[in-house]
Amino acid sequence: MSDHAAAPSARAPGASIGLKRFAAGVLGYASGLPFLLVLGTLAIWLREAGVGLAEIGLMSWASIAYSLKFIIAPFLDAYALGPLGRALGRRRAWIFALQIGVSGGLALMAFCDPTVSLPVMAAACFAAALFSAAQDAAIDGWRVDVAEAEEQGVLAAGYQLGYRLAVLTSGAGALFIAEDFGWNASYLAMAAIMLLVAALTVLLVPPSVDREHARTEGSLLEAPVRDLVLLVTTVPLATLCLIGLYRVPDLLAGVMAQALYVDVGFSKTEIASVSKVFGVALTIAGAFLGGFLLTKLPMRTVLVIGIVASASTNLLFATLHAVGHEIWMLALAICFDNVASGVAGTALIAFMSKLAASEFSATRYAVLSSIYALPGHLVGGLSGYAVDAVGYGPYFIATFLSGLPALLLCLRLRAERAPARPAEA
């Protein structure tokens, strides 16, 4: 039988906005660490091992787990975890337990050889992604619950900072370790880091509010599910389509960009130094630029800036393929791509957080983030076949054009209203 947490009278009692932002950074790090390890970094490992582009593209379907959050989130909203939930609070208990699961999935991947046991690696990869997706849903609920609507931009920037530092760890860090000690040691090290993050979550993250959810004779899940139905039936269809299409250019380019680096001839050290270290620093700058723009410009304007920039930078990957093994071209592509990604990511997180504000925030945000992730991940799984068929250049030009529908939908957005009322977003 599950426990149900009582509701405090205020959000994160005693927690300042500075502490909340720092905690959002810690949780952003926890969220970001597994992502490249089941996608971009894994693609480099697989390509170096001689795995084909088609198989690498199909392996990226593990990321579809991130689109299943809407199934998981109602349980996170409705149920605690017994004594652990009472000790840590419902949100933190779920986050901690799921971080342990992520660590286990990464450890299992560390003991796999992709040339011998690719199906086992795929299963471990999906498990790590599924635990990671569930963790993200719990973190999203925590972030929405812990801060008022006007603080969401600040928390989104802190979250993005932590996320990008994690990408630096699982990108450059994992590649440097793999260069010296091998891929298996690299993934084992990432699993150990995830355990450390779980400890920091318990020690440093303040509890969020645990509202008293409505009980019915049917199930504790009835109230959050009802709220989910309300969300998808009141938010305009154009807004849901915008969320689903907004990051498609990035998601389509992501996995094949890693394979492109290997095929063009860049070493792991070059990829780590330019694509990961330099690139992540610029993404962090882009995240803060996005947060700054959100304080100065309407949400719609920042969304337009983000989609134009993130789609246009994919043309630089087509240019990189044409130019070949040139560090300056790699640096140029990474520079513009990561700044654009930081701006777009911060804008979308803030936009979805405003739509998600409710007593069942984890469920609402999970639905929105699942909508955002699913189209790009589904099509991205076939990206290897597309590159095999047309080549890298035409493929990246097509990913640039894929941003046009989202741009048109951004331009159709009405002026902002109160964030707690989705129908008016």
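An unreviewed UniProt entry annotates the chain as AmpG family muropeptide MFS transporter of Methylopila musalis. In its Subcellular location (unreviewed entry) section, the UniProt record describing the chain reads: "Membrane". Taken verbatim from the UniProt record of the chain, the Sequence similarities (unreviewed entry) comment is "Belongs to the major facilitator superfamily."

Here the chain averages 82 in pLDDT, and 84% of its residues register 70 or above. Predicted confidence is poor over residues 212-218, with pLDDT under 50, and the contacts of this stretch with residues over four places away or in other chains come to 14 contacts. Scored below 50 in pLDDT, residues 415-425 makes 24 contacts in the model with residues more than four places away or belonging to other chains.

Our focus in this paragraph is the pattern of salt bridges. Counted according to the given criterion, the structure contains four salt bridges. For Arg247, the salt bridge goes to Asp250, with nearest N and O atoms at 2.5 Å. Ionic contacts of the salt-bridge type, sharing partners, join the residues Glu48, Glu179 and Lys268 into one network.

Interaxial distance between helix α2 (residues 40-48) and helix α12 (residues 248-264) falls to 8 Å at its minimum, and their mutual angle equals 40°. Looking at the two axes, α2 sits oblique to α12. At the point where α2 passes α12, the crossing takes the right-handed sense. Mapping the contact onto sequence places Gly40, Ala43, Ile44 and Arg47 in α2 and Val255, Gln258, Val262 and Asp263 in α12. Taken together, the residues of the contact of α2 with α12 break down into four nonpolar, two polar and two charged.

Right, let's talk about the environment of Ala318 for a bit. For Ala318, the location among the structural elements is in helix α15 (residues 314-323). Sequence separation of Ala318 and Gly391 is 73 residues, and the distance between their C-alpha atoms is 9.6 Å.

With that settled, consider the side chain of Asn338. Position of Asn338 relative to the elements: it lies in helix α16 (residues 327-356). Judged by its relative accessible area of 12%, Asn338 is buried. With near-sequence residues (within four places) excluded, Asn338 lies in contact with Gly279, Val280, Leu282 and Thr283.

Take Ser186: it is sitting in helix α9 (residues 183-204). Given a relative accessible area of 0%, Ser186 falls into the buried group. In sequence terms Ser186 and Phe176 are ten residues apart; their C-alpha atoms lie 8.3 Å from each other. Residues within four places of Ser186 in sequence aside, it is in contact with Ala174, Ile177 and Ala178. From its side chain, Ser186 meets the backbone oxygen of Ala174 in a polar contact 2.8 Å long.

Conventions used here
- Once a new chain begins, its residue numbering starts again from 1 and follows that chain's sequence as written.
- Side-chain atom pairs in this predicted model are given and counted only at pLDDT of 80 or more, local residue features only at pLDDT of at least 70, and totals for whole chains, interfaces and linings cover all residues.
- As a rule here, side-chain values cover all heavy atoms of the structure and leave hydrogens and water aside.
- UniProt positions are given in the numbering used here, feature names are shortened, and annotations may be inferred rather than shown by experiment.
- One number per residue, pLDDT, summarises how confident the predictor is, and it ranges from 0 to 100.
- Contacts were defined at the residue level, with two residues in contact if any of their heavy atoms lie within 4.5 Å.
- Whenever a carboxyl oxygen of Asp or Glu lies within 4 Å of a side-chain nitrogen of Lys or Arg, that contact is scored as a salt bridge.
- In this description, a line fitted to the C-alpha atoms serves as the axis of each element, helices being fitted only across the stretch in contact, and the angle between N-to-C directions of two axes falls anywhere from 0 to 180 degrees.
- The helix count covers DSSP runs of H or I at least four residues long, the strand count covers runs of E at least two residues long, and both are numbered beginning at the N terminus.
- For classification purposes, angles smaller than 35 degrees are called roughly parallel, those larger than 145 roughly antiparallel, those between 65 and 115 roughly perpendicular, and all remaining angles oblique.
- Two helices crossing with the near one rotated counterclockwise from the far one by less than a right angle form a left-handed crossing, whereas a clockwise rotation gives a right-handed crossing.
- The nonpolar class holds Ala, Val, Leu, Ile, Met, Phe, Trp, Tyr, Cys and Pro. Asp, Glu, Lys and Arg form the charged class, and all remaining residues, Gly among them, are polar.
- When accessible area is computed with a 1.4 Å probe and restricted to protein chains, residues below 20% of their type maximum are described as buried, those above 50% as exposed, and intermediate ones as partly exposed.
- In protein, a polar contact requires one atom able to donate a hydrogen and another able to accept it; more generally it is a pair of N or O atoms within 3.5 Å, and residues adjacent in sequence count only if both atoms are side-chain atoms.

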